[in-house]
Each structure stands twice: as structure tokens, then as C-alpha cells.
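Structure at a glance
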Amino acid sequence: MGAGALTRDIDHPKPDTKRWLALAEKALAGGSFEEKLVSHTDDGIRIEPLSERSTSAEPLVRTNPTLPWIVSQRVDDPDIARASAQALEDIAQGATGLSLVFEGAPNAFGYGLPRTAEALEKVLDGVPLNRMQVRIDAHPWSRAVADWLLAFLTRRRSDPTKLNLSFGIDPAAIFAGTGRLRTSIEALQESMPQSLAHFFSMGVPGALLEADGRVFHNAGATEALELGTMMASAVSYLRMFEKARQPLVYAAPYIGFALSVDQDQFLSIAKVRALRKLWARIQDACSIPASTANVHAETSYRMMTVADPETNILRTAIAAFAAATGGADSISILPHTIAHGLPAGFARRVARNAQLIMAHESHLHHVADPASGSGAVEALTDELCAAAWQEFQRIEAEGGVLNSLQQGYIQNRVQTAAAKRNAAYRAGERGIVGTTLFRAGSERPVETLAAERRPALTEGVAVCEPLFPVRIDQSIGAGS
């Protein structure tokens, strides 16, 4: 009898939810189904153990789905010569993007390039700009850096319209991350459209303005809080241009997004996908043709640990996988030693190679939106969209993102979410492998670069309570 006959004789019962539930409850032997098999996100979104397959979902694709995402390496060393050498090494070994992080940036974690035109020019000297994405991480002087970058390109006789640039101008992220704005909110809203008008006229491709959620995530925000704040930031840009009588249809494609992804794989996939759906909904509400969101994803700083730092390699690999399968256009992995100081060459290489393996050996980009149709991911995406939309509406009712920050409303919600999460870790309801679970008896030495931490920004006209990045292991007293 052949194998085919054997399989034909087997009776395969059709999947049945009620039958599965009955078997699951029997296996629990009196245990609580809710406690054992149902989980909830930090936003209270219910995650069932079994989901119906979605048949009506449309795939959500990246800006350029035929190519791999951009492997972006952070350039954040205060030593300019060392930073330049790092950048060239990263490019030679496969990186396709550079994220320039300057001192004073909320995402610099105490380091960053010196805030000078010389530093920018030195780091980009020798970089093949025609085949690299260059993004400026949001920071207080990003408008000046944009001018430095264009001046440098002019001297290089590079055509900006043929490059892939991201200028990272985001007043909300700067206000939240530093607690300072260099002008009043009113003056910023009045001057910003005119200040950026010549960028639009030049037709520079890429993201000019950015709605950056990483500041909020790393301070403790839930996924919906992060997404809702990003949408409020993006809408504030649209409102500014509308007030200046500039067509939104031309402004929208210049708005980019940056978010954090962490070790919760499916939630991070859903977060990237939800961002795309939310941006499409906002453009539809503004009666403008939907442009595909340009999404930069960076692995979470708050999930990184001091103890057993090699476990961070696993966390960041899961997070980067989630970003890639969720549809991020560019991804940056924080080196696994970042909780100890400024990462050295080995940690940077591990971060870079993890992405290269995913792209060129695992070929994750060969399937457009692999989560499309998955009942669990589609349900999580939709629930996340609904929760983020509520947060967006709340911020709008508070007068917009800048006013909400000035009044401390967003900060209060972020801090409340962080406190609740930290309490769950302290109570043992959650665990961190290598820190609160399976901690090693001794630690191996960690290599970092000699670098002094840069002072925080202290100057500004508008002031609010800053949201600083805090690792979870720090917050629960398990980071040493």
C-alpha cells in the first residue's frame, strides 16, 4: 500500500472552534481558560489563543516592496574621526543607510556627533550618497543640520533630487525628549511652513518632517500611546501647511515616521502595520490621495539590559524580524552593549550582520506583508488602530500634540503606563531573561568605546516636563 493510500484513509476532522475549546478546557483540568490562555497588551487589547483567518484583508506593503529594506547603521560617536571610520566600515560591510545622531538628540542616549557642520561633512566624506540613505535623527537643531546637509551636497555637486534623504525635523519629539523648544509653540506653527517652503520647491525625495514615536516608547508608552502621538504629530504638520495655504497633497508625501519595535514579535508586527493603516485613514479624512507611509523602525532601548548583554542580541533580532515582516522601509538595530556605554566595533557588526542575514539569507522581503490574512495579526492590527485612534482623538481634544505636551497630559499617560508595567515585573508577572529569569552567576567583560556623555539641552523658550529614555531593568532595580 502506497503512502498516498495511507493518507487518504485517515479521517481529518474539519477545524472547529467549539471542539478545540472543549479540548483546551479538558487539558487545563479545571484551570482558568482566561488566566492560562488569554493575554492582554499594555493597552488592554485581548489576545485570544485562537483566531479566525481573515479573508478580506488587503496587504500592506513598503514604499519599495521589490527591494530589501534599508539596513541603517547609527553614527553616534562624539569622536568625529572614529565616527567617520565606523560609517565607512559599515558601508563596506553591507549597510545601505546611515542614521546620523547628533548630541542633544532624545535618541542619542547621552552620546552623539558634535553639533557642527564640520562633523556632518567629515562623516559623509567618502560616503557614496547616490546609493545610501542618509537620515538625520530628530534633534533640536535639525533645521540647521538640514541646511548644512544641502550646502554639503551643493559643494559635492550632488543632485538632491536623486538621493534618498530624511531630515528628521520633528518638533513634538524634540519638545517631549528635551523639555524645550527654541521658540514658542505659536511662533513655531507660524514660521515652519515658510521655513521649509524651499525644500518642497527643490523636490528633494524622502522625509522632510518626521513623526517620531521612539521618544514616547522608550519613556514607557504603550503601543497605542506611541501610535496616537505620532498621528497627532503628523496631523499638526498638515494643519500648519493648510494654514499657510499650501496644498496638503504635496506636503503629505514628505512626512515620514519613526517608531520602536521590541521583543514582542507579533505586537511589533501589528504596530508597523497599524501605522500604515492609520496614516491612510488620516489622508482619506483630509481628502487627499493616500501616499505610502515611509517607516523607519529602531529596536527598543527600554528593553535592553545591563545583565547578560548577549541576551540583547536575541531581543533585537526578534524586534528586527518583526519590523521587516511588518513592512518597515528602514531598520536600525541598537548594538547589544548599548546599556553599558558607547558600543564598539564588534557590537556594531553583530547588529549590522543580523539584518544582512535576514535580508540576504532568509529573504524576508520576498513576501509582501507575510502577516496579511493571519487572523491573530489582523485582529491585533485592527484593535491597535482603534486604541491608537482614541489616543489621537484625546490629544486633539487637548489642543494638539504640542499643547498636550506643554500641559503634561501625554507625559502623565506615559508615566502611568510605565508604572503599571514596572509593577508587573516587580510582582513576577513578567520576566526578563538574563535579568530576572535565569540570571548568570558571573558576567563577561563588555567592550565599549571611551566617550564622555553629552550634556542635555537646557536652552529654550517653550518648556514642558521631559520624557527621558529609561530601561525596564533600571526601573525595577534589576539592572546592576
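Residues numbered from 1 in each chain as written. Predicted model: local features only at pLDDT ≥ 70, side-chain atom pairs only at ≥ 80, totals over all residues. Heavy atoms only, no water.

Where an unreviewed UniProt entry is consulted, the protein appears under the name Methylmalonyl-CoA mutase family protein, with the organism given as Mesorhizobium dulcispinae.

Observations concerning the overall build of the protein
Selection criterion: Runs of H or I in DSSP of at least four residues are treated as helices and runs of E of at least two as strands, each being numbered from the N terminus. In this analysis, two residues are considered to be in contact whenever any of their non-hydrogen atoms come within 4.5 Å of each other. For the area figures, the Shrake-Rupley method with a 1.4 Å probe applies, and any residue is considered shielded solely by the protein chains shown.
Looking only at helices and strands, the protein features 18 helices and 14 strands. Principal-axis analysis of the C-alpha atoms gives the protein an extent of 75 × 55 × 50 Å. Summarising the internal contacts of the protein: among those between residues at least 6 apart in sequence, 80% fall at separations of at least 24. As displayed, the protein has an accessible area near 21,100 Å², and 53% of this comes from carbon and sulfur atoms.

Here we look at the sheet that holds strand β5 (residues 133-136)
Note the cut-off: Between any two strands, at least two bridges found by DSSP are needed for them to pair. With axes taken as lines fitted to C-alpha atoms, and helix axes fitted only over the stretch in contact, angles between N-to-C directions fall between 0 and 180 degrees.
Strand order around the closed barrel formed by eight strands is β3-β4-β5-β6-β8-β9-β10-β11, with parallel pairing between neighbours. For this sheet, the mean angle separating the axes of adjacent strands, direction not counted, is 25 degrees. As judged from the three bridges shared by strand β6 (residues 164-169) and strand β8 (residues 206-212), these two strands associate in the parallel manner. Each residue of the ladder has a partner; that of S166, found in β8, is A207. Contacts between helix α8 (residues 185-202) and the sheet are confined to β6 and β8, with β8 contributing the most and set at about 145 degrees to the helix.

Quick word on the pattern of salt bridges
Any two side chains of opposite charge can pair if their charged atoms end up close together. Rules: The salt bridge criterion pairs a side-chain nitrogen of Lys or Arg with a carboxyl oxygen of Asp or Glu, the two atoms within 4 Å.
Summed over all chains, the structure comprises 28 salt bridges. A single salt-bridge network, built from bridges that share partners, covers R74, D76, R135, D137, E210, D212, R214 and E298.

Focus: the confidence of the model for the protein
For clarity, the threshold we go by: Note on scores: pLDDT gives the predictor's confidence for each residue, bounded by 0 and 100.
A residue-level look at the protein finds 96% of positions with pLDDT of 70 or above and a mean pLDDT of 90. The least confident element of the protein is helix α1 (residues 3-9), whose mean pLDDT is 53; the most confident is helix α9 (residues 214-218), at 98.

Quick look at the layout of surface pockets
To keep things clear, this is the line we draw: Using a 1 Å grid laid over the protein atoms alone, points where a 1.4 Å probe fits but cannot get out form a cavity; open sets with protein on both sides within 12 Å along at least 5 of 7 lines form a pocket; any residue with an atom within 4 Å of a point counts as lining. Grid points are joined across faces, edges and corners, and a volume is the space filled by probe spheres set on the points. Basically, the charged four are Asp, Glu, Lys and Arg, the nonpolar ten are Ala, Val, Leu, Ile, Met, Phe, Trp, Tyr, Cys and Pro, and anything else, Gly included, counts as polar.
Estimated volume of the largest pocket: approximately 1,300 Å³. The wall of the largest pocket is formed by 47 residues, among which H40, T41, D42, D264 and R430 lie closest to the centre. Every element with two or more residues in the lining of the largest pocket is listed here: β1 (39-40), β2 (46-47), α12 (265-285), α15 (375-397), α17 (409-426) and α18 (472-475). Considering every element that reaches the lining of the largest pocket, the biggest residue donor is α17, with six residues. Among the residues making up the lining of the largest pocket, the classes are represented as 20 nonpolar, 12 polar and 15 charged. By volume, the second largest pocket amounts to about 510 Å³. Lining the second largest pocket are 26 residues; nearest its centre among them are N64, P68, I70, N164 and D329. Those elements that place two or more of their residues in the lining of the second largest pocket are β3 (70-75), β8, β9 (255-261) and α14 (345-360).

Some details on the nonpolar core
What counts is decided by this rule: We call a set of buried residues a nonpolar core when its members are Ala, Val, Leu, Ile, Met, Phe, Trp, Tyr or Cys and they connect through side-chain atoms within 4.5 Å of each other. Buried residues are those whose accessible area, probed at 1.4 Å on protein chains only, stays under 20% of the maximum for their type, while exposed residues exceed 50% and partly exposed ones sit between those limits.
Counting 115 residues, the largest nonpolar core has L100, F167 and F257 as its most contacted members. Tallying contributions element by element places helix α10 (residues 223-243) first for this core, with 12 residues. Core analysis: the next-biggest nonpolar cluster, separate from the first, contains five residues, Y425, I432, I472 and A478 among them.

Concerning the packing of α10 against α12
To be explicit about the condition: Should an angle fall under 35 degrees it is called roughly parallel, over 145 degrees roughly antiparallel, and 65 to 115 degrees roughly perpendicular, with every other angle called oblique. Put simply, a crossing is left-handed when the front helix is turned counterclockwise from the back one by less than a right angle, and right-handed when it is turned clockwise.
Running from N to C, α10 and α12 point in directions that differ by 25 degrees, and their axes come no closer than 11 Å. Here α10 lies roughly parallel to α12, going by the angle between them. Two packed elements cross with a definite hand, and for α10 against α12 that hand is right-handed. Between α10 and α12, the contacting residues are E223, E226, L227, M230, M231, A234, V235 and L238 on the first element and L267, K271, A274, L275, L278, W279 and I282 on the second. Its residues assigned to classes, the contact of α10 with α12 comprises 12 nonpolar, no polar and three charged.

Focus: α8
Using the following cut-off: In this analysis, the expected span of each helix is defined as 1.5 Å times one less than the number of residues it contains. One axis fitted to the seven residues ending at a residue, another fitted to the seven starting there: the angle between these axes is the bend at that residue.
Across its 18 residues, α8 extends 27 Å between first and last C-alpha, which sits within 8% of the 26 Å expected from 1.5 Å per residue. Along α8, the largest kink reaches about 40 degrees and is centred on S191; proline P193 follows within four residues of it. Every buried residue belonging to α8 is among I185, L188, M192, P193, L196, F199 and F200, and all of these are buried.

Points about unusual backbone geometry
For residues other than glycine, phi is negative in most cases, and the peptide bonds are mostly trans. Positioned with a positive phi, S287 is a non-glycine residue whose angle comes to about 60 degrees. By secondary structure assignment, the location of S287 is in the loop between α12 and β10 (294-299). A positive phi angle, near 55 degrees, is found at F438, a position not held by glycine. Tracing the backbone through its elements, the reader meets F438 in the loop between α17 and β13 (448-449).

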